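Structural overview
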Amino acid sequence: MEFKSGFIALTGSPNVGKSTLLNALVGTKIAIVSKKPQTTRNRITGVLTREDCQMIFMDTPGLQTPKNKLGEFMLKTAEQTARDVDAVLFVADAKVGVREKDEEILTRLANSETPLVIALNKIDAVDGERAAEQETILRKYGKPVFRISAAEKLGLAELAEYLKRYLVEGPMYYPADMVTDQPEQVIAAEFIREKALKSIGKEIPHGIGVVVEKLEREEDRDLTNIDAVIYCEKDSHKGIIIGAGGRMLKKIASAAREDMQMLFGGKVFLQVWVKVKPDWRNKAGVLRTLGYDERQ
Ligand SMILES: Nc1nc2c(ncn2[C@@H]2O[C@H](COP(=O)(O)OP(=O)(O)OP(=O)(O)O)[C@@H](O)[C@H]2O)c(=O)[nH]1
């Protein structure tokens, strides 16, 4: 039996459930899920290994009109990824419906040489009629459309089976037990960012970045020591993140620590600081320190 492998880009508008889908397909919490749009900023790779094949998923940042350097970088990364892969999996949201922007992107993707597969997600949240209506819109592009629910794990086996046809005879790029190639620091930072976004709600819209400055293992004690900094734009935001008596920061850190313990195994000792760096999103240099490398 020949072994097949390939790279598949996950793309679609913000908040349609790409990260949830990646996690559901790969089976371990890697990509970051949040109710806020635009939470995926890194190209997090999920690896699905089976006896006969390996699929490497790229979780691309949402495609949208860029508003600042970070946005420009995100769009560029998404488009580059779509060109370099064996297939593109476009995710649409049955709840919100197919947007004008989705149709623009689908038109572009359908005309490109890379095979395109479309998934209509969140079918658990709509009735059959609504799902059928959205599916009709998506079928216009003459590409396969799958109805799925990433959250309820519906239709995922069929989707994965279909995607296998785009794999090509090739090596196992990653060891069978590996689920991501992101450096642990980046994943740890994403965990903190996700918890902060969830806890702080709308008060600091996208105005934070997280850097893990130290990640050291003490194998004999089964302990990982992590130091991280949350960057925000304003003093008032720093106050919100820290919270009265430091309670908010404590809540963020302890929730993040739980996820880290699951990922790294053993105990995690986590220390988080909050620093103000005005306008951090528009500074290419800072973006690089935060792990968003333009050269990728
Ligand atoms: N009802 C329902 N909700 C879902 C499903 N999949 C994802 N969601 C929810 O949709 C929201 C966005 O999910 P994400 O996985 O973060 O979406 P994303 O496309 O990765 O978002 P970006 O990182 O902004 O591009 C979260 O609140 C998820 O819980 C689904 O199948 N059904």
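Residues numbered from 1 in each chain as written. Predicted model: local features only at pLDDT ≥ 70, side-chain atom pairs only at ≥ 80, totals over all residues.

Description of the nonpolar core
Membership of the largest hydrophobic core comes to 36 residues, with the highest contact counts inside it found for I8, L10, F57, L89, F90 and L120. Top element by residues in this core is strand β4 (residues 87-93). It accounts for five residues. Judged by nonpolar contacts, the second largest core, of 27 residues, contains F191, I192, V212 and C232. (Core = buried A, V, L, I, M, F, W, Y, C linked by C-beta atoms within 7 Å. Buried ≥ 20, exposed ≤ 12 C-beta atoms within 10 Å, placed from the backbone. Helix = DSSP H or I, 4+ residues; strand = E, 2+ residues; numbered from the N terminus.)

Topic: helix α6 (residues 184-200)
With 17 residues, α6 should cover 24 Å at 1.5 Å per step; its first-to-last C-alpha distance of 24 Å lies within 8% of that length. The buried count for α6 comes to twelve of 17 residues, which makes it a mostly enclosed element. Of all the positions in α6, only I187, A188, A189, E190, F191, I192, R193, E194, K195, A196, L197 and I200 are classed as buried. (Expected span 1.5 Å × (residues − 1).)

Here's the deal with the packing of α6 against helix α8 (residues 247-264)
Two numbers describe how α6 lies on α8: the axes approach to 9 Å, and their chain directions differ by 140 degrees. When the axis of α6 is compared with that of α8, the two are oblique. Seen along the crossing, α6 lies across α8 with a hand that is right-handed. Residues I187, A188, F191, I192, K195, A196 and S199 of α6 lie in contact with α8, whose contacting residues are M248, K251, I252, A255, A256, D259, M260 and L263. Of the residues contributing to the contact of α6 with α8, the split by class is eleven nonpolar, one polar and three charged. (Axes fitted to C-alpha atoms, helices over the stretch in contact; angles between N-to-C directions. Parallel < 35°, antiparallel > 145°, perpendicular 65-115°, else oblique. Left-handed = near helix turned anticlockwise from the far one by under 90°. Contact = placed C-beta atoms within 7 Å. Nonpolar A, V, L, I, M, F, W, Y, C, P; charged D, E, K, R; others polar.)

Focus on α8
Because the α-helix completes a turn every 3.6 residues, residues three or four places apart line up on one side. Given a rise of 1.5 Å per residue, 18 residues ought to cover 26 Å, and the 25 Å separating the end C-alpha atoms of α8 matches this to within 8%. For α8, the full list of buried residues reads L249, I252, A253, A256, R257 and M260. Down the axis, α8 shows its buried residues gathered within 135 degrees of arc, on one side only. Seen from the open side of α8, the exposed residues pointing more than 90 degrees away from its buried face are R247, S254 and M262. The inward-facing, buried residues of α8 abut α6, β9 (223-232), α7 (235-242) and β10 (267-276). Downstream of α8 by one or two residues, G265 has phi in the positive range, about 75 degrees. (Arc of directions from axis to C-beta.)

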